[in-house]
Amino acid sequence: MLVLGIVTGNIMAWIRKDQPSVPRYLSLAHEGCYQQGAMLLGLAVAAGFSTLSSGTEQLAAWLLVIAALLLFARTSTTGRPVSTTNSRPEGLVWDLDS
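Residues numbered from 1 in each chain as written. Predicted model: local features only at pLDDT ≥ 70, side-chain atom pairs only at ≥ 80, totals over all residues. Heavy atoms only, no water.

1. A closer look at the overall build of the protein
Turning to step 1, where the next piece is worked out: What the protein contains, in helices and strands, is 3 helices and 0 strands.
Turning to step 2, where the next piece is worked out: Reading the helices (α) and strands (β) of the protein from amino to carboxyl end gives α-α-α.
Turning to step 3, where the next piece is worked out: Taken across its 98 residues, the protein has 13% of its residues classed as buried.
Turning to step 4, where the next piece is worked out: In the protein, the share of contacts with a sequence separation of at least 24, taken over all contacts with a separation of at least 6, comes to 52%. (Helix = DSSP H or I, 4+ residues; strand = E, 2+ residues; numbered from the N terminus. Buried < 20%, exposed > 50% of the residue type's maximum accessible area, 1.4 Å probe, protein only. Contact = heavy atoms within 4.5 Å.)

Laid out in structure tokens, this is it:
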């Protein structure tokens, strides 16, 4: 994931040589790679410190896989990512600027 973040970052830099902005999905892919890479590194370190039974650890791992598959299914069926970088969320929004 971290290597993919570096690759997408290089692609973004190459695009920004000619234009000031990059496609939104490339930006989301870049950010998502770093976020997921950091999460996976944290989970790998945490698994080493775990004192849970192997069955509980396997259940947690499968729940992570299922959550990732559901996230992929939502993104691929709706054509929209779960979050966008420059949009406000719908519903209750706290205005922290005031």
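2. Considerations on the packing of helix H1 (residues 2-16) against helix H2 (residues 24-49)
Turning to step 1, where the next piece is worked out: The geometry of H1 relative to H2 is characterised by a closest axis approach of 8 Å and an angle of 155° between their N-to-C directions. The angle between H1 and H2 falls in the class roughly antiparallel. Between H1 and H2 lies a crossing of left-handed hand. On H2, the residues that touch Leu-2, Leu-4, Gly-5, Ile-6, Thr-8, Gly-9, Ile-11, Met-12 and Ile-15 of H1 are Leu-26, Ser-27, His-30, Cys-33, Tyr-34, Gly-37, Ala-38 and Leu-41.
Turning to step 2, where the next piece is worked out: Looking at the contact of H1 with H2 residue by residue, the class counts come to 11 nonpolar, 6 polar and no charged. (Axes fitted to C-alpha atoms, helices over the stretch in contact; angles between N-to-C directions. Parallel < 35°, antiparallel > 145°, perpendicular 65-115°, else oblique. Left-handed = near helix turned anticlockwise from the far one by under 90°. Nonpolar A, V, L, I, M, F, W, Y, C, P; charged D, E, K, R; others polar.)

3. Overview of a nonpolar patch on the surface
Turning to step 1, where the next piece is worked out: Taken together, Leu-59, Trp-62, Leu-63, Val-65, Ile-66, Leu-69 and Leu-70 make up a surface patch of nonpolar side chains, about 740 Å² in accessible area.
Turning to step 2, where the next piece is worked out: Residue Leu-69 is classed as exposed on the basis of its relative accessible area, which comes to 53%. (Patch = residues over 30% accessible without salt bridge, like charges linked within 9 Å, V, L, I, M, F, W, Y side chains within 5 Å. Areas by Shrake-Rupley, 256 points an atom, 1.4 Å probe, with all protein chains shown as cover. Salt bridge = Lys/Arg side-chain N within 4 Å of Asp/Glu carboxyl O.)

4. Digging into H2
Turning to step 1, where the next piece is worked out: In this model H2 runs 38 Å from its N-terminal to its C-terminal C-alpha over 26 residues, within 8% of the 38 Å that 1.5 Å per residue would give.
Turning to step 2, where the next piece is worked out: Every buried residue of H2 is accounted for by Leu-26, Ser-27, Leu-28, His-30, Gly-32, Cys-33 and Gly-37.
Turning to step 3, where the next piece is worked out: Against the buried residues of H2 lie H1. (Expected span 1.5 Å × (residues − 1).)

5. Points about the side chain of His-30
Turning to step 1, where the next piece is worked out: Locating His-30 in the fold gives a position in helix H2.
Turning to step 2, where the next piece is worked out: According to the relative accessible area criterion, His-30 is buried, its value standing at 18%.
Turning to step 3, where the next piece is worked out: Only 3.3 Å separates the side chain of His-30 from the backbone nitrogen of Gly-9, close enough to count as a polar contact. (Polar contact = N/O pair within 3.5 Å; in protein donor to acceptor, adjacent residues only side chain to side chain.)

6. Structural notes on H1
Turning to step 1, where the next piece is worked out: Between its terminal C-alpha atoms H1 stretches 21 Å, which fits the 21 Å expected from 15 residues at 1.5 Å a residue.
Turning to step 2, where the next piece is worked out: Of the positions making up H1, those classed as buried are Gly-5, Thr-8, Met-12 and Ile-15. The buried residues of H1 all sit within an arc of 85° when viewed along its axis, so they share a single face. In this structure, H1 carries Val-3, Asn-10 and Trp-14 as exposed residues pointing more than 90 degrees from its buried face.
Turning to step 3, where the next piece is worked out: Taken together, the buried residues of H1 touch H2. (Arc of directions from axis to C-beta.)

7. A word on the environment of Gly-32
Turning to step 1, where the next piece is worked out: Within the secondary structure layout, Gly-32 lies in helix H2.
Turning to step 2, where the next piece is worked out: Expressed as a C-alpha distance, the spacing of Gly-32 and Gly-5, which sit 27 residues apart in the sequence, is 7.9 Å.

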